[in-house]
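What follows is each chain in one-letter form.
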Amino acid sequence: WGTPVFSWNADYTSATVTFTCTRDSSHTETLNATVTSETTAATCEAAGKIVYTASVVFENITYTDKKEVTISATGHSYALSKWNWTGYEKAEAVFVCANDNTHTETVTATITNKVTKEATCESTGTKTYTATVTFEGKSYTDSKTETLAALGHDYQFSFFEWASDYTSAKAVLVCSNDNTHTQKVDVTVTSEITAATCETAGKTVYTATYDGHTESKEVTIPAIGHSYALSKWNWTGYEKAEAVFVCANDNTHT
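Position numbers for residues count from 1 along each chain, tracking the sequence in the order it is written. The predicted origin of the model limits local features to residues at a pLDDT of at least 70 and limits the giving and counting of side-chain atom pairs to 80 or more, whereas totals for whole chains, interfaces and linings rest on all residues. Heavy atoms from the whole structure form the basis of all side-chain values; hydrogens and water molecules are not counted.

Asker: So, unusual backbone geometry: which residues are in play, and what are the values?
Answerer: The phi angle at E136 is positive, at roughly 50°, despite the residue not being glycine. Comment: elements are numbered from the N terminus, with helices defined as DSSP H or I runs of at least four residues and strands as E runs of at least two. Considering the arrangement of structural elements, one finds E136 in the loop between β11 (125–135) and β12 (138–148). Assessed through its relative accessible area of 58%, E136 is described here as exposed. Unusually for a residue other than glycine, Y166 sits at a positive phi of about 65°. Each residue is placed in one exposure class: buried if its accessible area under a 1.4 Å probe, protein chains only, is under 20% of its type's maximum, exposed if it is over 50%, and partly exposed if it falls in between.

Shown next, in the form of structure tokens:
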């Protein structure tokens, strides 16, 4: 018998072997081979292969033939796995290959931020940070929210609120963060009197003081006028006399 001829089917899953007699080519024997296969799996980056082995035993001799089929590399199939944030200003997106989880890609994100709720004097606010990456032509985002502390009140002096008679006053304080928030604080009021005279009006000057701020209000005291009373008689002999009247409010007025 001459060299056997292996005939494989298209997908190499079966084969036949033909033996031809070297003395008479019309004498042939065709046998079905036993086909086994051994696979080396393809990876993301490397091709694999399937080796098909056909074997027959003919007249106590084993004959084999092999065919090899290449399996293309699978390529990467990345999916977003997680986000790693550092504080609020830095983030990375981690992508893991579905075909081999030892293959990862880490992409640094661009961070933007926006105040989504303003803090007030008495309540907290929020600021939202958004991380964005583009990987393999697709955009991914993640967000993180920061709590903004309440501003607290920042009261500043605005004006004095006086009693109708100016003997007392309050300092009105307005919050610089929200002018609808006010406080009123009792302040010290001092007074300085310039007395009225018979012919000249006087005054009372009231001065309010608070934290370096002062304001004065002046109240006029009307002139008191003269209040004359007979003080004495001055006679000159018996034929002449004068009556002397002295003002009770100012005895220099006669």
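Structure's up, so let's keep going.
Asker: Hey, could you go over the nonpolar core for me, with residue numbers and the actual values?
Answerer: In plain words, nonpolar cores are sets of buried Ala, Val, Leu, Ile, Met, Phe, Trp, Tyr and Cys residues tied together by side-chain atoms within 4.5 Å. Core analysis: the largest hydrophobic core is formed by 15 residues, its most contacted members being W83, F95 and V133. Of all elements in the fold, only β7 (78–86), β8 (90–97) and β11 reach the threshold of two or more residues within this core. Those residues in contact with F95 that lie beyond four places of it in its chain are Y78, A79, L80, S81, H103, T104, E105, V107, V133, F135 and Y140. Counting residues in hydrophobic clusters, the runner-up holds 11 residues, among them I50, A54, V56 and F58. Contact between two residues is taken to exist if any of their heavy atoms lie within 4.5 Å; hydrogens are not considered.

Asker: Tell me what's going on with the sheet that holds strand β9 (residues 104–108), and back it up with residues and numbers.
Answerer: Either a parallel or an antiparallel arrangement is found when strands of a sheet pair, and the pairing is made through backbone hydrogen bonds. Overall, antiparallel pairing links the 3 strands, which are arranged β7-β8-β9 in an open sheet. Of all strands in the sheet, those bounded by a partner on one side alone are β7 and β9. Averaged over neighbouring strand pairs, the angle between their axes works out to 25° when direction is ignored. Note that β8 and β9 share 5 bridges and pair antiparallel. Opposite V96, over in β9, you have T104 as the bridge partner. When DSSP finds two or more bridges between a pair of strands, those strands are recorded as paired. Helix axes use the C-alpha atoms of the stretch in contact, all axes being lines fitted to C-alpha atoms, and the angles between their N-to-C directions lie in the range 0 to 180 degrees.

Asker: Quick rundown of the pattern of salt bridges? Include the residues and the values.
Answerer: Throughout this description, the term salt bridge denotes a Lys or Arg side-chain nitrogen within 4 Å of a carboxyl oxygen of Asp or Glu. Summed over all chains, the structure comprises 4 salt bridges. For K49, the salt bridge is made with E68, and the minimal N-O distance between the two is 3.9 Å. Of the two residues, K49 is situated in strand β5 (residues 48–58) and E68 in strand β6 (residues 61–71); the sequence distance between them amounts to 19 residues. Judged by relative accessible area, K49 falls into the partly exposed class, the value being 32%. Linking K184 and E161 is a salt bridge whose minimum nitrogen-to-oxygen distance equals 3.0 Å. Residue K184 is found in strand β15 (residues 182–186), and its partner E161 is found in strand β13 (residues 155–162); the two are separated by 23 residues along the sequence. Take E161: its relative accessible area is 31%, and that puts it in the partly exposed class.

Asker: Hey, could you go over the environment of D154 for me, with residue numbers and the actual values?
Answerer: Structurally, D154 is set in the loop between β12 and β13. By relative accessible area, D154 is classed as partly exposed at 33%. In sequence terms D154 and S191 are 37 residues apart; their C-alpha atoms lie 31 Å from each other. Those residues within four positions of D154 in sequence are excluded, and the remaining contacts are V174, C175, S176 and N177.

Asker: Hey, could you go over the pairing of strand β18 (residues 213–221) for me, with residue numbers and the actual values?
Answerer: Pairing analysis gives 9 bridges linking strand β17 (residues 202–210) to β18, with the strands arranged antiparallel. Bridge pairing in β18 places Y210 opposite H213. Between β17 and β18, which follow one another and run antiparallel, lie 2 residues, and D211 among them has a positive phi close to 50°.

Asker: Let's hear about a nonpolar patch on the surface: which residues, and what values?
Answerer: Residues Y228, L230, W233, W235 and F245 make up a contiguous nonpolar surface patch of roughly 620 Å² in combined accessible area. A total of 4 residues in the nonpolar patch trace back to one element, the largest contributor, which is strand β19 (residues 228–236). With respect to the secondary-structure elements, Y228 resides in strand β19. By relative accessible area, which is 41% here, Y228 ends up partly exposed. Without a salt bridge and with relative accessible area above 30%, a residue can belong to a patch; like charges are then joined within 9 Å and nonpolar side chains (Val, Leu, Ile, Met, Phe, Trp, Tyr) within 5 Å. What sets the accessible areas is the Shrake-Rupley method with a 1.4 Å probe; for residues, cover comes only from the shown protein chains.

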